[in-house]
Amino acid sequence: MKTNRIRTILVKFTVYFFVLLFIYAAMSKLTDFTKFQMQLEQVFPSHNYAVAVSYVIVILELLIAGLLCYRRTRKAGLVFSLILMIAFTCYIFVILNFKEHIPCSCGGILEKMGWTEHLYFNIASVILASGALLVINKNNLKSY
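Residues numbered from 1 in each chain as written. Predicted model: local features only at pLDDT ≥ 70, side-chain atom pairs only at ≥ 80, totals over all residues. Heavy atoms only, no water.

An unreviewed UniProt entry lists the chain under the name Methylamine utilisation protein MauE domain-containing protein, with Elizabethkingia ursingii given as the organism. The annotation that UniProt attaches to the chain under Subcellular location (unreviewed entry) is "Membrane". (UniProt positions renumbered as here; feature names shortened; annotations may be inferred.)

Set out below in structure tokens:
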């Protein structure tokens, strides 16, 4: 019984972590949306592509946060959180290994991190989401 409680707490912590992370990230991008788009233009080959990506990222972050807020869609929200964090982690890996200098297009506190710290943060987030999904699937948790 105690083990299930710990597992439930782990899953709830993960859900709350991602809700806060994605809402915070989306809002900080929207606060200075022009700057966010300009930073993406330094990465993507065309202005139109960077603009499209900027909207998609913010919409995805808010949509995933919304999915995580409801028990019925929480597992899907965790799956999409994992996918998005893997994508962001791959992006940072490419930046670190193939680009000389690209400004971070994140906002707020995350913008203060260097690329390496950001990579570690994202890897930890991937592990956290993976662990929560494993716990849910392995233990058939119903209340999380």
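The rest of the description comes next.
1. As for the environment of Thr73
Mapped onto the elements, Thr73 comes out in the loop between helix H3 (47–68) and helix H4 (74–98). For Thr73, the contacting residues outside a window of four places in its chain are Gly66 and Leu67. For Thr73, the side chain forms a polar contact with the main-chain oxygen of Leu67, separated by 2.6 Å. (Helix = DSSP H or I, 4+ residues; strand = E, 2+ residues; numbered from the N terminus. Contact = heavy atoms within 4.5 Å. Polar contact = N/O pair within 3.5 Å; in protein donor to acceptor, adjacent residues only side chain to side chain.)

2. Re the UniProt feature "transmembrane region" (unreviewed entry) in the chain
Here the UniProt feature "transmembrane region" (unreviewed entry) sits at residues 9–27, 47–70, 77–98 and 118–136. This span, residues 9–27, is 100% helix and 0% strand, and a straight line between its end C-alpha atoms measures 27 Å. Taken end to end, residues 77–98 is 100% helix and 0% strand, and its first and last C-alpha atoms sit 31 Å apart.

3. Some thoughts on the packing of helix H1 (residues 2–31) against H4
Look at H1 against H4: their axes get within 11 Å of each other, and the N-to-C directions meet at 60 degrees. Overall, the two elements H1 and H4 adopt an arrangement that is oblique. In the crossing of H1 with H4, the sense of the turn from one axis to the other is left-handed. Contact residues: Val11, Thr14, Val15, Phe18, Leu21 and Phe22 in H1; Arg74, Leu78, Ser81, Leu84 and Met85 in H4. Here the contact of H1 with H4 is composed, by residue class, of 8 nonpolar, 2 polar and 1 charged. (Axes fitted to C-alpha atoms, helices over the stretch in contact; angles between N-to-C directions. Parallel < 35°, antiparallel > 145°, perpendicular 65-115°, else oblique. Left-handed = near helix turned anticlockwise from the far one by under 90°. Nonpolar A, V, L, I, M, F, W, Y, C, P; charged D, E, K, R; others polar.)

4. Brief notes about the packing of H3 against H4
Packed helices, taken two at a time, are described by the angle their axes make and the gap between the axes. It is at 7 Å that the axes of H3 and H4 come closest, and there the two elements cross at 150 degrees. Considering how the two elements wind past one another, H3 and H4 form a crossing that is left-handed. Two secondary-structure elements touch here, H3 through Ile57, Leu60, Glu61, Ile64, Leu67 and Leu68 and H4 through Arg74, Gly77, Leu78, Phe80, Ser81, Leu84 and Phe88. Looking at side-chain class alone, the contact of H3 with H4 contains 9 nonpolar, 2 polar and 2 charged residues.

5. Looking at helix H5 (residues 115–139)
Within an α-helix, residues lying three or four positions from one another point in the same direction, as the helix has 3.6 residues per turn. Between its terminal C-alpha atoms H5 stretches 36 Å, which fits the 36 Å expected from 25 residues at 1.5 Å a residue. Looking only at H5, the buried set comprises Trp115, His118, Leu119, Asn122, Ser125, Val126, Leu128, Ala129, Ala132, Leu133, Val135 and Ile136. In this fold, the buried residues of H5 make contact with H1 and H4. Positive backbone phi, approximately 50 degrees, marks Asn140, located one or two places after H5. (Expected span 1.5 Å × (residues − 1). Buried < 20%, exposed > 50% of the residue type's maximum accessible area, 1.4 Å probe, protein only.)

6. Some details on the nonpolar core
Among the nonpolar cores identified, the biggest contains 31 residues, and Val11, Phe18, Phe22, Leu68, Leu78 and Met85 are the most heavily contacted of them. Going through the elements one at a time, H1, helix H2 (33–41), H3, H4 and H5 are the ones with two or more residues in this core. (Core = buried A, V, L, I, M, F, W, Y, C linked by side-chain atoms within 4.5 Å.)

7. A short note on the side chain of Gln37
By secondary structure assignment, the location of Gln37 is in helix H2. Overall, Gln37 belongs to the buried group, its relative accessible area being 13%. A distance of 3.0 Å separates the side chain of Gln37 from the side chain of Ser54, its partner in a polar contact. For Gln37, the contacting residues outside a window of four places in its chain are Ala50, Val51, Ser54 and Tyr55.

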